[in-house]
Amino acid sequence: MLKQIEGSQAVADAVALCRPNVISAYPITPQTHIVEDLATIVAEGRLDTEFLNVESEFAAASVVLGASAAGARTYTATTSQGLLLMTEVLYCIAGMRLPIVLTCANRAISAPLSIWNDHQDSMSIRDSGWIQIHAENNQEAADLHFQAYKIAEKTFLPVMVCMDGFILTHAFEPVDIPDQDKVDDFLPAFRPRATVDPMYPRGLGLFADPRFYMEMRYIIHRAMEKSENTIKEVHEEFNKAFGRKSGGLLKTYKLENADVVIVAMGSVVGTIKDTIDLLEEKGKSVGLLQICSFRPFPRKQVYQLLKDKENIVVVEKALSLGRGGILGSDVRWSFPRTEQTDRKISNFVAGLGGRDITTDDLAAMVERVEKEHVEFDFLGLNRDLILERDL
Amino acid sequence: MEKLPLGLALDLRKVVPYKTGSWRTQMPVHVMQTPPCTFSCPINNDIRGFLRILADKENFVDAWNILTRTNPLPAICGRVCPHPCEEGCNRRDLDYPLAINCAERAVGDYAIDKKLDHRKEHITPRQEKIAIVGSGPAGLSCAFHLAKRGFKVKIFEAEHQPGGMLRWGIPTFRLPREVLDYEINAILKLGIELECNVRVGVNIPMDQLTNEYKAVFLGMGASIGTRIEVPGDDAQGVYSGVEFLKEINSGKQIDLGKDVVIVGGGNTALDCARVAKRLGANTSIVYRRTRVEMPALSEEIDEALEERIMFRYHTNPTQILAEDGKVVGMLCVQMEMKEADASGRARPAAIAGSEKVIPADTIILATGQAVDYEGIELNKRDEKWISTDNYLQTSIPGVFAGGDAVLGLETVSAAIGQGLRAAQNIEDYIAGTLQNTLSRPPVVLSKDLNTIYYETQRRFSKQGLPVHERLKGMKEIYSNFEPEEIVKESDRCLSCGLCFQCNNCLMYCPDNAVNIISGTGKYTFDLDFCKGCGICSKECPCHYIHMTLE
Amino acid sequence: MMKTAVEFDKKNLLASGHRACGGCAQALACRMVLDAAGKNTIACVATGCLEVFSGPYPDPSWRIPFLHSLFENSAAVAAGVEVAYRALKKAPVNVLAMGGDGSTADIGFQCISGMFERGHNVLYVCYDNEAYMNTGVQRSSFTPFGAKTTTTPAGNRFHKKDLPQLAVVHGVPYVATATVDDYHDLQRKVKTALSIHGPKYLHVYAPCPLGWGHAGDMSIAISRLAKETCLFPVYEIKDGKLVSVVKIPVKKPVEEYLKVQGRFRHLFKKGVPTTEVELIQEIANQNIERFNL
Ligand SMILES: Cc1cc2nc3c(=O)[nH]c(=O)nc-3n(C[C@H](O)[C@H](O)[C@H](O)COP(=O)(O)OP(=O)(O)OC[C@H]3O[C@@H](n4cnc5c(N)ncnc54)[C@H](O)[C@@H]3O)c2cc1C
Ligand code: SF4
Ligand code: SF4
Ligand code: SF4
Ligand code: SF4
């Protein structure tokens with residue numbers, strides 16, 4: 001049923017349709033609406049679940065860890081500082097192969113304090129063993145949650161659905177919320193592999209000495225790599241069941257004959273598409289490669305799609321301080337070493353802490369990379385504000 | 001190698017435990033030790049053993065079986081033994097020693113009540129014959145243990161009834177004759193032949209015994225009453241202690257008159273006094289020294305005092321006064337103590353001019369006993385007692401000896417103990433292995449125990465007849481004890497040096513390396529896992545667990 | 001003859017083969033707790049000595065479900081397990097959360113507070129060995145006054161945090177302390193706790209031979225001394241009311257406790273107690289008054 005609703009509401013509705021057994025969260029802007037809406041759904045008796053308001057994100061993550069280990073389907077949501085506070089637990093969840101689903105309403109990280117959007121939060125735990133999939137719009141945000149559970153419970157890897165804070169969470173758009181029956185058909189009941197159960201006593205979270213630790217990390221790494229297939233399969237199944245192309249590893253827009261290819265992820269993709277259309281009217285051929293699955297990073301597919309492209313520019317909302325772009329590096333790494341030097345792969349960081357990324361900004365960026373190869377730069381930086389001696 | 005499970009979630013039912021035993025540098029071991037009670041008991045009775053059976057199972061039959069492995073006369077010892085075992089009992093450092101003597105009596109009385117019989121250890125009888133001279137506790141004990149071992153045993157007794165001093169010395173209010181007769185009979189029932197009215201050396205020569213028997217045991221006691229020489233002691237109404245008691249114990253009536261004076265400080269003196277008191281006389285005891293030096297049992301002195309027997313300490317007879325050949329009084333002198341003599345006791349000396357007369361109708365000189373060596377030639381010690389080697393063998397090979405005749409005046413239990421050891425030695429002698437000596441396990445002292453685990457508990461105390469009742473006749477002072485009380489008392493035993501299943505080791509081992517073998521109450525150490533921390537040893541209340549270096 | 005009743009539970013649910021030091025009271029306490037709780041129990045354990053010595057792959061010592069994730073979250077993880085069991089409508093199970101003093105009093109306290117406040121049906125057991133032992137004897141907020149640790153080489157200047165009292169003010173319906181020497185009392189408290197619905201807190205005193213500097217065989221004796229010197233009062237609080245106290249009829253001077261441990265040796269100069277010892281005696285005196293020991 002198509003509903004004109006807020007992104008957070010769409011996500012809450014979608015999560016509820018997945019029938020999690022345990023939900024635990026701690027309020028943080030801009031995630032709050034999601035859990036508030038879920039709380040309402042539970043309170044109204046539309047969902048039979050244990051909803052737990054806890055004392056911190058750290059506890060929320062720990063509660064879902066425990067609940068998942070006990071065999072429950074679980075859910076939590078957070079952002080920014082909250083995600084960082086969870087970090088220790090998130091690594092643990094992945095290491096223990098607990099198929100937990102988390103929504104990250106992407107937001108910048110302190111200091112300075114900023115409640116607005118960028119991708120620094122989820123980026124900072126990209127190595128934790130969580131699958132990270134990014135939504136472009138609210139429909140996709142909702143749809144990714146159905147898929148997230150399915151992916152998680154097939155791969156026994158936790159899944160983080162990333163959606164841009166405010167830009168999506170607080171935006172009202174028409175979203176199709178499917179019927180429960182359809183969701184139930186698509187998403188079978190959770191069948192845990194190893195739980196804490198007195199009938200079958202198991203040890204979870206054992207410590208591994210140097211004889212075993214590497215293998216355990218290797219296994220997770222390979223499982224992450226192989227989850228690409230699962231993400232693709234689930235995406236196709238979803239497409240078949242719901243008739244929508246939400247999710248998957250990658251998406252493209254006017255890529256085929258493009259002279260310049262923009263690589264990006266998240267909601268900025270909408271603005272990029274607009275820019276591409278505008279530039280097309282001006283006779284420029286610009287295309288888009290949208291990264292849906294940031295982790296696992298679909299390196300081979302990226303290479304396949306970009307190997308014939310001469311001019312590539314990566315725009316991203318996160319930054320490895322002292323090093324540069326993160327997505328940019330991943331894209332560069334997608335090419336075999338010998339081929340990297342043959343082409344221009346430019347990299348821009350944009351929209352940090354909620355700074356708008358406009359079509360003008362993007363058009364200027366395209367113009368610039370047509371002229372020169374930009375190893376790394378900031379887009380839309382107001383240099384007038386910067387005191388030289390602080391640099 | 002096992003493949004790593006998903007998320008390292010391991011099925012705990014499949015775990016093969018890691019063996020921590022290799023960390024150990026010291027190892028716990030169970031060491032059964034001798035408790036000091038057993039060590040101090042002249043018979044080395046398994047006191048801990050019989051008390052535990054009483055406490056845990058309330059089983060008087062088994063308790064009797066345990067006791068009679070060493071002591072065939074528990075009902076007797078339970079009445080007359082001065083119980084040095086209690087002196088040694090570790091519990092004295094916690095509150096009061098166990099009332100072992102009472103428990104022993106209760107077990108003995110139970111056997112009498114239930115008419116229990118001894119069993120032989122050797123089913124197949126042995127052909128060797130052994131002669132026992134004297135049927136006092138030493139002779140009876142030796143005969144009993146030899147008979148249990150299957151030997152053919154014959155006792156020669158000079159008197160017309162068996163028992164020695166048990167019958168002729170100790171008065172019936174302390175040792176009823178039914179008790180004596182029962183325990184002697186139970187011994188004889190093992191197939192021991194008893195021939196009374198035969199004085200060896202007089203009625204049959206020693207040579208005959210040594211020829212006819214594989215071995216001989218002499219338990220002749222010290223049956224002759226020796227008196228100190230006091231001028232006038234040939235008067236009528238002067239007896240030796242032994243003589244007097246024998247008369248009384250044979251059922252003879254003696255006219256004591258109004259005042260009876262007893263000279264001496266030993267058990268015989270006390271018994272004479274108590275008997276005289278019961279016969280209605282004014283009784284006093286004359287002794288050179290003080291109570292502390294009296295060789296008599298402290299308990300018996302207490303009872304005598306209760307019975308209003310007068311004690312004249314520091315008093316020594318100098319002359320017995322007679323009229324018409326009949327005693328009328330005794331002239332005594334006051335003594336004072338001088339520095340200790342060779343025996344360690346202060347030496348008394350007369351105070352000049354302190355003489356005074358004590359009126360007396362009868363005077364009993366209970367001042368000593370001696371062995372009757374008539375017709376028996378042996379090496380002697382101090383010219384008085386039979387001399388033996390470490391194996392209780394006398395100067396005649398194959399002739400062993402024990403009891404008062406060897407030890408000097410001692411106790412019933414000492415005589416039984418020697419009878420037991422002589423029996424063991426005779427067995428070895430016959431087997432030709434006399435030189436082998438058994439080493440006893442070490443004695444566990446109270447400092448070795450972890451007394452924290454024991455509760456203080458009231459000690460059992462026996463209640464005697466009120467004095468006026470006692471003095472009415474020769475009734476036994478203490479009637480039989482309530483079995484429940486004895487069971488309760490037995491539970492006070494700390495079980496020094498032997499596990500009593502407290503489960504401390506089981507519960508306190510941090511490595512679960514102590515296991516209980518189900519149904520047996522026995523514990524084992526699992527050395528695959530024991531780290532040798534020593535907790536079990538430290539927390540074992542009774543010091544049954546020791547740590548030894550690997 | 002024995003002072004204590006001989007009733008006990010011994011199931012070895014924390015089995016042999018753990019890597020605790022010889023004489024470790026924590027290993028002992030944990031086994032006693034598990035055995036009292038029984039097989040229908042899930043243990044959520046914080047990182048620390050206990051977890052490290054009992055939970056190595058592939059031969060952990062746990063024979064009941066064991067769940068470890070981090071140092072500071074065992075209470076929250078246990079809360080998760082508890083709600084999951086409720087949500088999945090599974091047969092009821094005892095949920096235990098446990099940790100050492102560091103994970104309880106310091107880093108994990110927030111999660112414990114949250115678990116208490118939300119009223120989870122979880123028994124939290126703290127094994128108090130009075131310092132961070134796993135990392136090599138550093139001070140925690142349960143380290144007693146005067147004790148030497150590697151981070152308080154001159155002796156700890158602070159006083160032990162009173163966590164049982166904090167539990168009480170959280171409205172926890174059952175709060176108790178116990179020692180390993182009295183296993184009957186300890187196991188009874190575990191059972192009492194598990195019979196009560198809601199959060200429970202059990203504080204078990206656990207001597208550490210390595211960290212405290214005493215011989216392994218002294219662990220039980222030192223537990224007892226802590227009680228007898230009134231430095232570790234053993235009591236039970238139900239619904240905010242003190243319902244039982246282990247009385248100490250013969251109170252020993254704290255010296256007897258301090259002298260047998262290396263961590264307090266600096267409090268005696270050539271065997272003569274320094275003024276710190278008086279201050280520690282004062283702590284005992286306060287306990288005597290407060291609990292009417
Ligand atoms: C009055 C009195 C009270 C006592 N009270 C106690 C007491 O309360 N507690 C205690 O422990 N001890 C007591 N004693 C000591 C105790 O009775 C003796 O230590 C013990 O009886 C010694 O035992 P025995 O077998 O060596 O000798 P005895 O008991 O003296 O027995 C020796 C036996 O050998 C016989 N005999 C001797 N020579 C021959 C021979 N040539 N041929 C055949 N038979 C012979 C004797 O007739 C006698 O029957 C008391 C002693 C007396 C006298
Ligand atoms: S015989 Fe005497 S010493 Fe031996 S147990 Fe009996 S009372 Fe004690
Ligand atoms: S306590 Fe028992 S075993 Fe120990 S000395 Fe006394 S009677 Fe013997
Ligand atoms: S308590 Fe256990 S580990 Fe320690 S020495 Fe005894 S059996 Fe060995
Ligand atoms: S500790 Fe108790 S159970 Fe263990 S050996 Fe000692 S007495 Fe026996």
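The rules behind each value
Residues numbered from 1 in each chain as written. Chains lettered and ligands numbered in written order. Predicted model: local features only at pLDDT ≥ 70, side-chain atom pairs only at ≥ 80, totals over all residues. Heavy atoms only, no water. Near = heavy atom within 4 Å. Helix = DSSP H or I, 4+ residues; strand = E, 2+ residues; numbered from the N terminus. Nonpolar A, V, L, I, M, F, W, Y, C, P; charged D, E, K, R; others polar. Phe/Tyr/Trp six-rings, centres within 6.5 Å; stacked < 30°, edge-to-face > 60°. Lys NZ or Arg CZ within 6 Å of the ring centre and 35° of its normal. Pairing = 2+ DSSP bridges. Axes fitted to C-alpha atoms, helices over the stretch in contact; angles between N-to-C directions. Contact = heavy atoms within 4.5 Å. Buried < 20%, exposed > 50% of the residue type's maximum accessible area, 1.4 Å probe, protein only. Polar contact = N/O pair within 3.5 Å; in protein donor to acceptor, adjacent residues only side chain to side chain. Buried area = accessible area lost by both parts, 1.4 Å probe. Salt bridge = Lys/Arg side-chain N within 4 Å of Asp/Glu carboxyl O. Parallel < 35°, antiparallel > 145°, perpendicular 65-115°, else oblique. Left-handed = near helix turned anticlockwise from the far one by under 90°. Patch = residues over 30% accessible without salt bridge, like charges linked within 9 Å, V, L, I, M, F, W, Y side chains within 5 Å. Areas by Shrake-Rupley, 256 points an atom, 1.4 Å probe, with all protein chains shown as cover. Domains from an automatic or database assignment.

Residue and element names in this part refer to chain B. Surveying the vicinity of ligand 3 reveals 13 residues, the closest of which are Cys37, Cys89, Cys493, Leu494 and Cys496. Mapped by element, the contributors of at least two residues to the shell around ligand 3 are α1 (36-40) and α2 (47-57). With three residues, α2 is the largest single contributor of residues to the shell around ligand 3. By residue class, the composition of the shell around ligand 3 is eleven nonpolar, one polar and one charged.

All names here are of chain A. In total, this model carries 28 aromatic pairs over all chains according to the counting rule given. In this structure an aromatic cluster arises from ring pairing among Phe146, Phe186, Phe238 and Phe242. The cationic tip of Lys150 hangs over the ring face of Phe186; the distance from NZ or CZ to the ring centre is 4.2 Å. Here Arg295 stacks its cationic end above the ring of Phe294, 4.4 Å away from the centre of that ring.

We now examine the sheet that holds strand β12 (residues 286-291) of chain A. Residue and element names in this part refer to chain A. Read from one edge of the open sheet, six strands run β10-β12-β11-β14-β15-β16, paired in mixed fashion. Each edge of the sheet is formed by a strand with only one pairing partner; in this case those strands are β10 (250-253) and β16 (377-378). Pairing of strand β15 (residues 344-349) with β16 involves two bridges; the strand directions are parallel. Bridge pairing in β16 places Val349 opposite Phe378.

In a beta sheet, neighbouring strands pair by backbone hydrogen bonds and run either parallel or antiparallel. Residues and elements named next belong to chain B. Across the sheet, which stays open at both edges, the five strands sit in the order β5-β4-β3-β6-β20 with parallel pairing between neighbours. This sheet does not close on itself; its edge strands, each paired only once, are β5 (193-195) and β20 (399-401). Across the sheet, the mean angle separating the axes of adjacent strands is 20 degrees when strand polarity is ignored. Pairing of strand β3 (residues 129-133) with strand β6 (residues 215-218), which is carried by four bridges, proceeds in the parallel orientation. For Ala131, the partnering residue across the bridge sits in β6 and is Val216. Packing of helix α15 (residues 412-431) onto the sheet brings it into contact with β3, β6 and β20, and relative to β6 it is tilted by some 165 degrees.

Take α2 of chain B next. Residue and element names in this part refer to chain B. Judged by how many residues are buried, α2 sits mostly within the fold: nine of eleven residues are covered. Every buried residue belonging to α2 is among Ile47, Arg48, Gly49, Phe50, Leu51, Arg52, Ile53, Leu54 and Ala55, and all of these are buried. Structurally, the start of α2 carries an N-cap: the backbone nitrogen of Gly49 is 2.8 Å from a side-chain oxygen of Asp46. Downstream of α2 by a residue or two, Glu58 has a phi angle that is positive, lying close to 50 degrees.

The subject of this paragraph is the interface of chain A and chain C. Each partner contributes residues to the interface: chain A has 37 residues there, and chain C has 40 residues. The junction of chain A with chain C conceals about 2900 Å² of combined surface from both sides, 66% of it contributed by carbon and sulfur atoms. When the buried area of chain A at its contact with chain C is split by residue, Glu55, Pro198 and Phe207 of chain A rank highest and sum to 21% of it. Counting every contact that joins chain A to chain C gives three salt bridges. The tally of links between chain A and chain C comes to 13 residue pairs in polar contact (both at pLDDT 80 or more). Secondary structure elements with two or more residues in the side of chain A that touches chain C: β3 (50-53), α3 (57-69), α4 (80-95) and β9 (202-204) of chain A. Counting residues per element, the side of chain A that touches chain C draws most heavily on α3 of chain A, at eight residues. Considering only residue class, the side of chain A that touches chain C consists of 21 nonpolar, nine polar and seven charged. With two bridges connecting them, β9 of chain A and strand β2 (residues 66-68) of chain C associate as parallel partners. Considered in β2 of chain C, the bridge of Leu204 of chain A is made with Leu67 of chain C.

Another point: the packing of α2 of chain B against helix α6 (residues 100-114) of chain B. Residues and elements named next belong to chain B. Where α2 meets α6, the axes come as close as 11 Å, and the angle between the chain directions of the two elements is 65 degrees. Here α6 runs roughly perpendicular to α2, going by the angle between their axes. Classified by chirality, the crossing of α6 by α2 is left-handed. Two secondary-structure elements touch here, α2 through Ile47, Phe50, Leu51 and Leu54 and α6 through Ile100, Ala103, Glu104 and Val107. In the contact of α2 with α6, the residues fall into seven nonpolar, no polar and one charged.

Right, let's get into the pattern of salt bridges. Residue and element names in this part refer to chain B. The tally for this structure, following the rule as stated, stands at 84 salt bridges over all chains. A salt bridge links Glu195 to Lys154; its shortest N-O distance comes to 2.7 Å. Of the two residues, Glu195 is situated in strand β5 and Lys154 in strand β4 (residues 152-156); the sequence distance between them amounts to 41 residues. Assessed through its relative accessible area of 33%, Glu195 is described here as partly exposed. What makes Lys154 buried here is its relative accessible area of 13%. Between Arg470 and Glu306 there is a salt bridge; the shortest N-O distance is 2.5 Å.

Let us look at the interface of chain B and chain C. Tallying the contact residues gives 41 residues for chain B and 45 residues for chain C. Note on chain B versus chain C: buried area summed over both sides is about 3500 Å², and carbon and sulfur give 60% of it. Counting across the chain B and chain C interface gives two salt bridges. Close ionic contact of Asp217 of chain C with Lys538 of chain B constitutes a salt bridge, the shortest N to O distance being 3.7 Å. Seen at the junction of chain B and chain C, the total is 13 residue pairs in polar contact (both at pLDDT 80 or more).

Within the secondary structure layout, Phe335 of chain A lies in the loop between α11 (327-333) and α12 (337-340). The spacing of Phe335 of chain A and Lys300 of chain A is 35 residues in sequence and 8.5 Å in space, taken between C-alpha atoms.

Let us look at the side chain of Thr41 of chain C. On the secondary structure map, Thr41 of chain C appears in strand β1 (residues 41-45). Under the relative-accessibility criterion, Thr41 of chain C is labelled buried at 0%. Of the polar contacts made by the side chain of Thr41 of chain C, one reaches the backbone oxygen of Ala37 of chain C; its length is 3.4 Å. With sequence-adjacent residues up to four places away left out, Thr41 of chain C is seen in contact with Pro198 of chain A together with Ile64, Pro65, Val93, Asn94 and Leu96 of chain C.

All names here are of chain A. Inspection of the secondary structure puts Arg323 in the loop between β14 (311-316) and α11. Classification of Arg323 as exposed rests on a relative accessible area of 55%. Each C-alpha atom, one on Arg323 and one on Phe376, is 9.6 Å from the other, the two residues being 53 residues apart in sequence. Side chain to side chain, Arg323 and Ser329 meet in a polar contact 3.1 Å long.

This next bit is on a nonpolar patch on the surface. All names here are of chain A. A cluster of nonpolar residues, Leu381, Leu385, Ile386 and Leu391, forms a patch on the protein surface that exposes about 420 Å² of accessible area. Positionally, Leu385 belongs in the segment after β16. A residue is classified by how much of its surface remains accessible, and Leu385, at 68% relative accessible area, is exposed.

Further remarks concern the domain arrangement of chain A. Residues and elements named next belong to chain A. Each assigned domain of chain A is listed with its residue range as follows: domain 1 (2-242) and domain 2 (250-390). The straight-line distance from the C-alpha centre of domain 1 to that of domain 2 is 28 Å. Buried surface at the junction of domain 1 and domain 2, both sides included, amounts to about 2000 Å², of which 52% is carbon and sulfur. The tally of links from domain 1 across to domain 2 stands at three salt bridges. Joining domain 1 to domain 2, the criterion identifies twelve residue pairs in polar contact (both at pLDDT 80 or more). Among the secondary structure elements, those contributing two or more residues to the side of domain 1 that touches domain 2 are α5 (120-124), β6 (131-134) and α8 (213-242). Residue contributions to the side of domain 1 that touches domain 2 peak at six residues, all from α8.

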